[in-house]
Amino acid sequence: MVEMPGLDEKLSDIYQEVLARNPGEMEFHQAIHEVFESLGPVLAKHTKYGDEAVLRRLCEPERQIIFRVSWVDDAGTVQINRGFRVEFNSALGPYKGGLRFHPSVYLGIVKFLGFEQTFKNALTGMPIGGAKGGSDFEPKGRSDAEVMRFCQAFMTELYRHIGEHTDVPAGDIGVAGRELGYLFGQYKRITNRYESGVLTGKGLTWGGSQVRTEATGYGTVYFTNEILKSRGESFDGQRVVVSGSGNVAIYAIEKVHQLGGTVVACSDSSGCVVDENGIDLEVLKDIKLRRRGRISEYASLRGGTVISTSNGSIWDVPCDIALPSATQNELNGRDAKALLTNGCRIVAEGANMPCTPEAVEVLTESGAVFAPGKAANAGGVATSALEMQQNASRDSWTFEHTESRLVEIMRGIHDSCLETAEEYGAPGNYSLGANIAGFTRVADAMIAQGVI
Ligand code: NDP
Ligand code: 2IT
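Let us look at the structure shown here. Residues take numbers from 1 onward in each chain, read along the sequence in its written order. All chains are assigned letters beginning at A, and all ligands numbers beginning at 1, according to the order in which they are written. Residues qualify for local features only when their pLDDT is at least 70, as the model is predicted, and side-chain atom pairs are given and counted only at 80 or more; totals for whole chains, interfaces and linings, by contrast, use all residues. The basis for every side-chain value is the complete set of heavy atoms in the structure, and neither hydrogens nor water enter the calculation.

## Some remarks on the pairing of strand 5 (residues 167-170)
- Exposure categories follow from relative accessible area, calculated using a 1.4 Å probe and restricted to protein chains: below 20% of the type maximum is buried, above 50% is exposed, and the middle band is partly exposed. Secondary structure is summarised from DSSP: a helix means a run of H or I of at least four residues, a strand means a run of E of at least two, and numbering begins at the N terminus for each. Taking every second residue as pointing to the same face, both faces of strand 5 are buried, with Asp167 and Pro169 on one and Val168 and Ala170 on the other.
- A pair of strands is considered paired only if DSSP assigns at least 2 bridges between the two. The pairing of strand 3 (residues 95-101) with strand 5 spans 4 bridges and is parallel. Looking across to strand 5, one finds that Lys96 is bridged to Val168.

Below, the structure is given as structure tokens:
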């Protein structure tokens, strides 16, 4: 077999097997390759991980569910979508991970996200396994009633696979408070159980946790703040670019501003806006959260200081810190070079796998700091685990208490990445640290539980 670049012989063989068993699923291949590239030193040091064939088991989801979702649109036409839930790994706890509603969703995307989630969840140190799900449903342009009927149809199949001790979904792209409400309502109706812990990201008056809505964006910024602190710096005066303008991006912008930085650009799938005075968050929230509008409307609402573009790249906007927070593979090698040329020194992933392998290589080789999503955006799922904890004890914590837990968790993940990277001979390499720290925690639990 041909050895893959960056992988030793054993890893290369397993990777070839993965390619053959999962044809056409390029995001899944990419996510596995990225983890495998880090594992050489840990396999060399601890033969048990190779001997137990843990790696082969880690690459094969425990269960993959694909189902039809039929629903009736406002015009009375029957619509058919495809639903997915990939229960990837339960070594550390019930399957846990979000649901994504976006037309690009197919099995390869769900598997890549479930694989990443397994390591991310391990890094939080909390008792949660890895999963992901979703549908190729496009919520844009759909009425609330259509979204409700879709969610009800989706849950009518999903309910039999989930449960507070089995599998606990949450939000992701296209799935937030509105959708989780409809999903929870349908679960309750079918099962006749008010099982709060079956979903996270619920509304604050019916079992949700303070800070869960903000947690992914806030957490990414707290993680970045730890990077800055480790270099004797702070957010004060930093110029920041955040891609996307959804849940993760909006609350990343909010926390950067609270910590003294200025976010000068954000985007959506049709373009980006640059506001040299700093993105006006109230205007952005009004467009995106209240009216579900387009980012281009920001320009008309804010006047002359704003450039709206549908063809320039947000990564051409000069900044000190970049937080890609939209979607996978949105920042490529060319973009990484443009960021570096313009003085960017830190890239922390708010999204899952937004940087292509070429971008990561360019950033790492230049000496810039690269913080991978599985570490930097883990605040969302960590706060989901805090929501599960509150649901299990029928308690609800204050915003301040919950946020202080989030800060502590992000600091812990940051330190564990750095300490692991140091231990395995790659000081400052957050990717290697995150991959090895996540891997050893999952692998140890898998070995302890036997070949299952
Ligand atoms: P939202 O649906 O709230 O927002 C997504 C944003 O990204 C929108 O601005 C959207 O633009 C843009 N976007 C989505 N798909 C594309 C695409 N194919 N090309 C260009 N832009 C795109 O999702 P979230 O903010 O929740 O999620 C963003 C990222 O963060 C995802 O990678 C997700 O997996 C990750 N993440 C989310 C967590 C959460 O708790 N929600 C937790 C951890 C990670 P448009 O509206 O035009 O489509
Ligand atoms: O990618 C992610 O970590 C999420 N979409 C959140 C998952 C969760 O269960 O809160």
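Alright, that's what it looks like, and here's the rest.
## Some points on the site of ligand 2
- Lys96, Lys120, Lys132, Asp172 and Ser384 are the nearest of the 14 residues found near ligand 2.
- In the model, an oxygen atom of ligand 2 is placed 2.6 Å from a nitrogen or oxygen of the Ser384 side chain.
- Computed on the free molecule, ligand 2 has an accessible area of 290 Å², of which 95% lies beneath the protein chains in the complex.
- Elements with a minimum of two residues in the shell around ligand 2: strand 3, helix 5 (107-124) and helix 15 (379-392).
- Three residue categories are used. Nonpolar comprises Ala, Val, Leu, Ile, Met, Phe, Trp, Tyr, Cys and Pro, charged comprises Asp, Glu, Lys and Arg, and polar comprises the others, including Gly. Grouping the amino acids of the shell around ligand 2 by side-chain chemistry returns 2 nonpolar, 7 polar and 5 charged. Throughout this document, a residue counts as near a molecule or strand when at least one of its heavy atoms sits within 4 Å of that molecule or strand. Two N or O atoms count as a polar contact when they lie within 3.5 Å, although within protein this holds only if one can serve as hydrogen donor and the other as acceptor, and sequence-adjacent residues are included solely when both atoms are side-chain atoms. Per-residue and other accessible areas were derived by the Shrake-Rupley procedure at a 1.4 Å probe size, with only the shown protein chains allowed to occlude residues.

## Description of the sheet that holds strand 4 (residues 130-135)
- Strand order across the open sheet formed by 5 strands is 1-2-4-3-5, with mixed pairing between neighbours. Because the sheet does not close on itself, it has two edges, and the strands there are strand 1 (63-72) and strand 5. On average, each strand axis in the sheet is tilted by 20° relative to the strand beside it, whichever way the strands run.
- Bridge count between strand 2 (residues 78-89) and strand 4: 6 bridges; the pairing is antiparallel. Residue pairing across strands places Val86 opposite Lys132, the latter belonging to strand 4.
- Contacts were defined at the residue level, with two residues in contact if any of their heavy atoms lie within 4.5 Å. Note on method: axes are straight lines fitted to C-alpha atoms, helices fitted across the in-contact stretch only, with angles between N-to-C directions ranging 0 to 180 degrees. Strands in contact with helix 6 (residues 144-158) are strand 1, strand 2, strand 3, strand 4 and strand 5; relative to strand 1, the strand with the most contacts, it is inclined by about 140°.

## Here we look at the packing of helix 1 (residues 9-21) against helix 2 (residues 26-45)
- With their axes 10 Å apart at the nearest point, helix 1 and helix 2 run at an angle of 165° to one another. With respect to helix 2, the axis of helix 1 lies roughly antiparallel. Considering how the two elements wind past one another, helix 1 and helix 2 form a crossing that is right-handed. For the pair helix 1 and helix 2, the contacting residues are Lys10, Leu11, Ile14, Tyr15, Val18 and Leu19 in the first and His29, Ile32, His33, Phe36, Leu39, Gly40 and Leu43 in the second.
- Residues belonging to the contact of helix 1 with helix 2 are distributed by class as follows: 9 nonpolar, 3 polar and 1 charged. Here the word oblique covers every angle except those under 35 degrees (roughly parallel), over 145 (roughly antiparallel) and from 65 to 115 (roughly perpendicular). What makes a crossing left-handed is the near helix being turned counterclockwise from the far one by less than a right angle; a clockwise turn instead makes it right-handed.

## Considering the state of the cysteines
- Disulfides are defined in this document as cysteine sulfur pairs within 2.5 Å. According to the stated counting rule, one finds 0 disulfides in the structure shown.
- With no disulfide of its own, Cys266 lies 8.3 Å from the sulfur of Cys272, the closest cysteine sulfur.

## Some words on the pattern of salt bridges
- Here, a salt bridge means any side-chain nitrogen of Lys or Arg that lies within 4 Å of a carboxyl oxygen of Asp or Glu. This model, assessed by the stated rule, comprises 34 salt bridges.
- As a salt-bridge pair, Arg178 and Asp144 come within 2.7 Å of each other at their nearest N and O atoms. With Arg178 in helix 7 (residues 177-191) and Asp144 in helix 6, this residue pair connects regions lying 34 residues apart in the sequence.
- The closest approach of N and O atoms between Lys288 and Asp268, which form a salt bridge, is 2.9 Å. Of the two residues, Lys288 is situated in helix 10 (residues 281-290) and Asp268 in strand 7 (residues 262-268); the sequence distance between them amounts to 20 residues. A single burial state applies to Lys288 and to Asp268, both of which are buried.
- The network of salt bridges with common partners includes Glu282, Asp286, Arg290, Arg291 and Glu297.

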